[in-house]
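# Secondary and tertiary structure notes
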Amino acid sequence: MTIKVLIAYASKNGSTEELARTVARTLDKEGFVTDLRPAADVLDTEMYDAVVLGSALYTGRWLKDARRFAARHRTALAARPVWLFSSGPLDATANERDIPLVAGVRRIQARIDDRGHATFGGCLTADAEGRMARMIVDSGKGGDFRDFAATAAWAREIAADLYRLLVVARED
Ligand SMILES: Cc1cc2nc3c(=O)[nH]c(=O)nc-3n(C[C@H](O)[C@H](O)[C@H](O)COP(=O)(O)O)c2cc1C
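So, how was this worked out
Residues numbered from 1 in each chain as written. Predicted model: local features only at pLDDT ≥ 70, side-chain atom pairs only at ≥ 80, totals over all residues. Heavy atoms only, no water. Near = heavy atom within 4 Å. Polar contact = N/O pair within 3.5 Å; in protein donor to acceptor, adjacent residues only side chain to side chain. Areas by Shrake-Rupley, 256 points an atom, 1.4 Å probe, with all protein chains shown as cover. 1 Å grid on protein atoms, 1.4 Å probe; cavity = no way out; pocket = protein on both sides within 12 Å on 5 of 7 lines; lining within 4 Å. Sits in = over half its atoms within 2 Å of the grid points. Helix = DSSP H or I, 4+ residues; strand = E, 2+ residues; numbered from the N terminus. Nonpolar A, V, L, I, M, F, W, Y, C, P; charged D, E, K, R; others polar. Points joined across faces, edges and corners; volume = space filled by probe spheres on them. Contact = heavy atoms within 4.5 Å. Core = buried A, V, L, I, M, F, W, Y, C linked by side-chain atoms within 4.5 Å. Buried < 20%, exposed > 50% of the residue type's maximum accessible area, 1.4 Å probe, protein only.

Around the ligand sit 21 residues in total, of which Ser11, Ser15, Thr16, Leu57 and Tyr58 are the nearest. Residue asparagine 13 places a main-chain N or O atom 2.8 Å away from an oxygen atom belonging to the ligand. Note that a nitrogen atom of the ligand is positioned 3.5 Å from one of the backbone N or O atoms of glycine 88. Within the complex, 86% of the 650 Å² of free accessible area of the ligand lies under protein. The cavity where the ligand resides is the largest pocket. Elements with a contribution of two residues or more to the shell around the ligand: helix H1 (15-29), strand S3 (50-58), strand S7 (123-124) and helix H6 (131-138). Residues belonging to the shell around the ligand are distributed by class as follows: 10 nonpolar, 10 polar and 1 charged.

Shown next, in the form of structure tokens:
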């Protein structure tokens, strides 16, 4: 049985894309067929059995491409299992405690009834786009706080949940 999972992401400087790739690779290894795409490039979600949508956080919001994706595909998303992730905190807090969700993500959750959300540490380096990014790096607050093992572990939880939801249910 083939179960197709879309991993859609919005990333300005590439670090969220790498987290999304970790989710996709982990689900691949768990036996799912994955499609990793920038959220802005996805025209149709109907052919997927499940969706993972992630975005970088900038000034307390998801990037526009992820917000638009959630709005455009809301009917399809509400009809299938969906997981969300945010990447952002430039410190270790994402590994230490639950990070409060930004308001826009809570609104998306209310519309699509997701199966879970995770916040992962972010990454900001000297080559990041934008004056604000450079100011943050210059003030010594940049760095790479991503924990790929934690992201892979979260994806394995998704795999277990999907297996119960879709594989076991279809066999019954
Ligand atoms: C201008 C600016 C604003 C940011 N705002 C937030 C924020 O509100 N919350 C947060 O957790 N991280 C924030 N970050 C950190 C980014 O989310 C982090 O660098 C992330 O990994 C960027 O992802 P990307 O490389 O995929 O664009 C901000 C970074 C910049 C440069």
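A separate point is the layout of surface pockets. Here the largest pocket defines a volume of roughly 460 Å³. Around the largest pocket, the lining comprises 24 residues; the ones closest to its centre are Leu57, Tyr58, Thr59, Leu124 and Ile136. Split into classes, the residues belonging to the lining of the largest pocket amount to 10 nonpolar, 11 polar and 3 charged.

Of note, glycine 88 is situated in the loop between strand S5 (82-87) and helix H4 (93-96). For the pair glycine 88 and lysine 12, spaced 76 residues apart in sequence, the C-alpha separation works out to 12 Å. When residues no more than four places from it in sequence are discounted, the contact partners of glycine 88 are Leu57, Phe120, Gly121 and Gly122.

The subject of this paragraph is the nonpolar core. Val5, Ile7, Leu27, Val52, Trp154 and Leu162 are the most contacted members of the largest nonpolar core, which has 23 residues in total. At the level of secondary structure, the elements contributing two or more residues to this core comprise strand S1 (4-10), H1, S3, S5, strand S6 (116-120) and helix H7 (148-171). Counting residues per element, this core draws most heavily on H7, at 7 residues. Every residue in contact with isoleucine 7, bar those within four places of it in the chain, is listed here: Ala20, Val23, Ala24, Leu27, Thr34, Asp35, Leu36, Arg37 and Val52. The next biggest cluster of nonpolar side chains, apart from the first, holds 21 residues, and it includes Leu6, Val42, Ala66 and Phe69.

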